[in-house]
Amino acid sequence: MEITVKVNRYVDSLKEVTYHLVSVNAREGLLRNDNIDKLLGTSYRDVALEHGGFIENGNEVYFKTREEAEEMRDILQEMLRARYSQVLDTELAENYADWDVLETGEGVVVIAKDFLDQNGKPVMVVMSEDVYLLEIPGTEGEYVDLAGYHENEEQYRTAGDMLKHKIMSLTDKEIVRVEEDADEILDWDTLEEISEIFKRYMNTRKQYLRYVK
């Protein structure tokens, strides 16, 4: 989910002056200062006052110049990114401790774990926006395990989507859709286990994964 931090202009017609303020918009709409405080875990107003802000119209924080407001916008963006990164890292450590975190960043989290295929061989199952395996280059229907991935990580990252074999995704109605050939690779008990984890993982993404711009 995106969070947008931007500078707005405020014109006080009675005083005939123009101020600037920093606004934070999320899915639920414009966030008030107390909501921003909850996101940051500290007082936005205190930070703003330290960087040229002043209080006007009750509890609103304004800046006299656009440059001051833009500086505060940049600071607030970094604070929000750091906060969400910290919260997400904690959530992954506590609830996905047996999964490898392959990648985290703005709007991105990728985790992976080995599961046994129908031949008893470990294959790496990756969760991102969907669930997929990675085919071993030069083979057909053979999939890498975690150890093999880490041995040739750069190769797999460079290949991008070319080696991905999707086995599961989430529909618009948040129903897990299993690909037709998934049960040819993994048995149904394993697929059901992965499906339950995937639903929980997608809920984690919804709650904690943010792209701040």
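Our subject is the structure that appears above.
Residues numbered from 1 in each chain as written. Predicted model: local features only at pLDDT ≥ 70, side-chain atom pairs only at ≥ 80, totals over all residues. Heavy atoms only, no water.

Engineer: Can you break down the overall build of the chain residue by residue, with the values?
Structural biologist: In terms of helices and strands, the chain carries 6 helices and 12 strands. In terms of overall size, the chain is more extended than a compact globule, its C-alpha atoms giving a radius of gyration of 23 Å where 213 residues would be expected to give roughly 17 Å. Oriented by its inertia axes, the alpha-carbon framework of the chain measures out at about 75 × 35 × 25 Å. Within the chain, buried positions represent 39% of all 213 residues. The contacts of the chain with a sequence gap of at least 6 include a subset with a gap of at least 24, amounting to 50%. Within the structure as shown, the chain displays about 12,200 Å² of accessible surface, and the carbon and sulfur contribution to it stands at 44%. Positive and negative side-chain charges in the chain, numbering 25 and 47 respectively, have mean positions lying 9 Å apart. (Helix = DSSP H or I, 4+ residues; strand = E, 2+ residues; numbered from the N terminus. Rg over C-alpha atoms; globule rule 2.2 N^0.38 Å. Buried < 20%, exposed > 50% of the residue type's maximum accessible area, 1.4 Å probe, protein only. Contact = heavy atoms within 4.5 Å. Areas by Shrake-Rupley, 256 points an atom, 1.4 Å probe, with all protein chains shown as cover. Lys, Arg positive; Asp, Glu negative; His and termini not counted. Charge placed at Lys NZ, Arg CZ, Asp CG, Glu CD.)

Engineer: Before we move on, can you summarise the pairing of strand β8 (residues 122-127) with the specific residues and values?
Structural biologist: For β8, a buried count of 5 out of 6 residues is recorded, marking the element as mostly surrounded by other parts of the structure. In this sheet, β8 lies alongside strand β7 (residues 108-116) in antiparallel orientation, the contact comprising 6 bridges. Its bridge partner lying in β8, isoleucine 111 is registered against methionine 127. Remark: 5 residues form the turn of the hairpin made by β7 and β8, two consecutive strands paired antiparallel; glycine 120 in that turn has positive phi of roughly 80 degrees. Inspection of the sheet shows β8 paired to strand β9 (residues 131-134) by 2 bridges, in the antiparallel sense. Counted as the bridge partner of valine 126 is tyrosine 132 from β9. The turn joining β8 and β9, which pair antiparallel and follow one another in sequence, is formed by 3 residues. (Pairing = 2+ DSSP bridges.)

Engineer: Got a sec to walk through the packing of aromatic side chains? Specific residues and values, please.
Structural biologist: Counted according to the given criterion, the structure contains 8 aromatic pairs. Both rings, one in phenylalanine 54 and one in tyrosine 62, keep their centres 6.4 Å apart while their planes meet at 40 degrees; by these two values the pair is tilted. Phenylalanine 54 sits in the buried class, given a relative accessible area of 17%. (Phe/Tyr/Trp six-rings, centres within 6.5 Å; stacked < 30°, edge-to-face > 60°.)

Engineer: So what's going on with helix α6 (residues 188-208)? Residues and values would help.
Structural biologist: Taking 1.5 Å per residue, 21 residues should reach 30 Å; α6 reaches 30 Å between its end C-alpha atoms and fits that length. The opening residue of α6 is aspartate 187, an N-cap whose side-chain oxygen sits 3.2 Å from the backbone nitrogen of aspartate 189. (Expected span 1.5 Å × (residues − 1). Polar contact = N/O pair within 3.5 Å; in protein donor to acceptor, adjacent residues only side chain to side chain.)

Engineer: Before we move on, can you summarise the sheet that holds β8 with the specific residues and values?
Structural biologist: Sheet architecture is open: 6 strands sit in the order β6-β7-β8-β9-β10-β11, paired in antiparallel fashion. Where the open sheet ends on each side, the last strands, each with one partner, are β6 (100-105) and β11 (176-178). Taking the axes of each pair of neighbouring strands and ignoring which way they run, one obtains an average angle of 25 degrees across the sheet. Inspection of the sheet shows β9 paired to strand β10 (residues 164-170) by 4 bridges, in the antiparallel sense. Bridged to tyrosine 132 within β10 is lysine 166. Each of β7, β8, β9, β10 and β11 is contacted by α6, which is oriented at about 165 degrees to β7, the strand it contacts most. (Axes fitted to C-alpha atoms, helices over the stretch in contact; angles between N-to-C directions.)

Engineer: With reference to specific residues and values, describe the pattern of salt bridges.
Structural biologist: Enumeration according to the criterion identifies 12 salt bridges in this entry. Here glutamate 2 ties to lysine 213 by a salt bridge, and the two come within 3.3 Å at their closest N and O atoms. Taken together, the residues glutamate 2 in strand β1 (residues 2-12) and lysine 213 in the segment after β12 (211-212) connect sequence positions 211 residues apart. The exposure class assigned to glutamate 2 is partly exposed, which follows from its relative accessible area of 40%. You can call lysine 213 partly exposed: its relative accessible area is 39%. Across the salt bridge formed by lysine 199 and glutamate 196, the nearest N and O atoms sit 3.0 Å from each other. Separated by 3 residues within a single helix, lysine 199 and glutamate 196 lie in helix α6, roughly one turn from each other. Lysine 199 gets classed as partly exposed once you look at its relative accessible area, which sits at 39%. One continuous salt-bridge network, built from bridges that share partners, spans Glu103, Glu153 and Arg157. (Salt bridge = Lys/Arg side-chain N within 4 Å of Asp/Glu carboxyl O.)

Engineer: Talk me through the side chain of serine 169; I want residue IDs and the actual numbers.
Structural biologist: By the element assignment, serine 169 lies in strand β10. A relative accessible area of 13% places serine 169 in the buried class. In this view, serine 169 contacts Asp130, Ile175, Val176, Arg177, Glu179 and Phe198; residues no more than four positions away in its chain are not counted.

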